[in-house]
Amino acid sequence: QVQLVESGGGAVQAGGSLTLSCSASGSIFSLVSMGWYRQAPGKQRELVATTNSGGATDYADSVKGRFTISRDNAKNTVSLQMNSLKPEDTAIYYCNAYLYTTPRQWSDYWGQGTQVTVSS
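This text gives an overview of the structure that appears in the document.

### Some thoughts on the overall build of the protein chain
- When its secondary structure is counted, the protein chain shows zero helices and 11 strands.
- Going residue by residue from the N terminus, the α and β elements of the protein chain occur as β-β-β-β-β-β-β-β-β-β-β.
- Here the protein chain has a C-alpha radius of gyration of 14 Å; the compact-globule value for 120 residues is 14 Å, and the two agree.
- By principal-axis analysis of the C-alpha atoms, the protein chain measures approximately 50 × 25 × 20 Å.
- Across the 120 residues of the protein chain, 35% fall into the buried class.
- Put simply, the protein chain shows about 6,300 Å² of open surface, and 46% of that area lies on carbon and sulfur atoms.
- Positive and negative side-chain charges in the protein chain, numbering 9 and 8 respectively, have mean positions lying 2 Å apart.

Now the structure itself:
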């Protein structure tokens, strides 16, 4: 069993900053990628940022230049530094991990979500 535990959400005014953190634990053989997705009310869940074990990153166009994803491979953690926040960044943010639990078994795992609210 694998658990993803998120922290760091909250409420902030536009232009402010927040940092989200996620820790993966449990039966992890190999952690391929970790990332963040978000879902705003009435909208589909969307990619925010991801990073793989080699350090490659990918960002949604809407957050490029404002958000930075970082990962600690030794600790199986991923963080999302969010700067210059906008009201449209308001959403529930979910941590995601794509990993192998054995050499041949892999799956996607999700955290419980953390609320980010940006007021104008």
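So much for the structure itself; the text now carries on.
### Comments concerning the pattern of salt bridges
- Under the counting rule described, the total for this entry stands at four salt bridges.
- Notably, a salt bridge pairs Arg-38 with Asp-89, separated by 3.0 Å at the nearest N-O pair. Of the two residues, Arg-38 sits in strand β4 (residues 30-39) while Asp-89 sits in the loop between β8 (77-82) and β9 (91-102), which places them 51 residues apart along the sequence.
- For Lys-64, the salt bridge identified is with Asp-61, shortest N-O distance 3.1 Å.
- By relative accessible area, which is 65% here, Asp-61 ends up exposed.
- Through salt bridges with shared partners, a single ionic network connects Arg-38, Glu-46, Arg-66 and Asp-89.

### Examining the sheet that holds β8
- Ordered in space as β1-β3-β8-β7, the four strands form an open sheet in which the pairing is antiparallel. In the strand order of this sheet, the two ends are held by β1 (2-7) and β7 (67-72), each with one partner. Geometrically, the sheet is characterised by an average inter-axis angle of 15 degrees between neighbouring strands, direction not taken into account.
- Relative to strand β3 (residues 18-26), β1 is paired through six bridges, and the arrangement is antiparallel.

### Observations regarding the packing of aromatic side chains
- Tallied over the full model, the rule gives three aromatic pairs.
- Aromatic pair Tyr-37 and Trp-110: ring centres 5.1 Å apart, planes at 70 degrees, arrangement edge-to-face. Here Tyr-37 is found in strand β4, whereas its partner Trp-110 is found in strand β10 (residues 105-110), with 73 residues between them in sequence.
- With a relative accessible area of 22%, Tyr-37 lands in the partly exposed category.
- With 6.4 Å between their ring centres and 45 degrees between their planes, Tyr-98 and Tyr-100 make a pair best called tilted.
- According to the relative accessible area criterion, Tyr-98 is partly exposed, its value standing at 24%.
- Given a relative accessible area of 24%, Tyr-100 falls into the partly exposed group.
- Ring-pair connections join several aromatic residues into one group, and the members of that group are Tyr-98, Tyr-100 and Trp-106.

Parameters and conventions
Residues numbered from 1 in each chain as written. Predicted model: local features only at pLDDT ≥ 70, side-chain atom pairs only at ≥ 80, totals over all residues. Heavy atoms only, no water. Helix = DSSP H or I, 4+ residues; strand = E, 2+ residues; numbered from the N terminus. Rg over C-alpha atoms; globule rule 2.2 N^0.38 Å. Buried < 20%, exposed > 50% of the residue type's maximum accessible area, 1.4 Å probe, protein only. Areas by Shrake-Rupley, 256 points an atom, 1.4 Å probe, with all protein chains shown as cover. Lys, Arg positive; Asp, Glu negative; His and termini not counted. Charge placed at Lys NZ, Arg CZ, Asp CG, Glu CD. Salt bridge = Lys/Arg side-chain N within 4 Å of Asp/Glu carboxyl O. Pairing = 2+ DSSP bridges. Axes fitted to C-alpha atoms, helices over the stretch in contact; angles between N-to-C directions. Phe/Tyr/Trp six-rings, centres within 6.5 Å; stacked < 30°, edge-to-face > 60°.

Without other data, these values stay purely geometric and don't point to any function.
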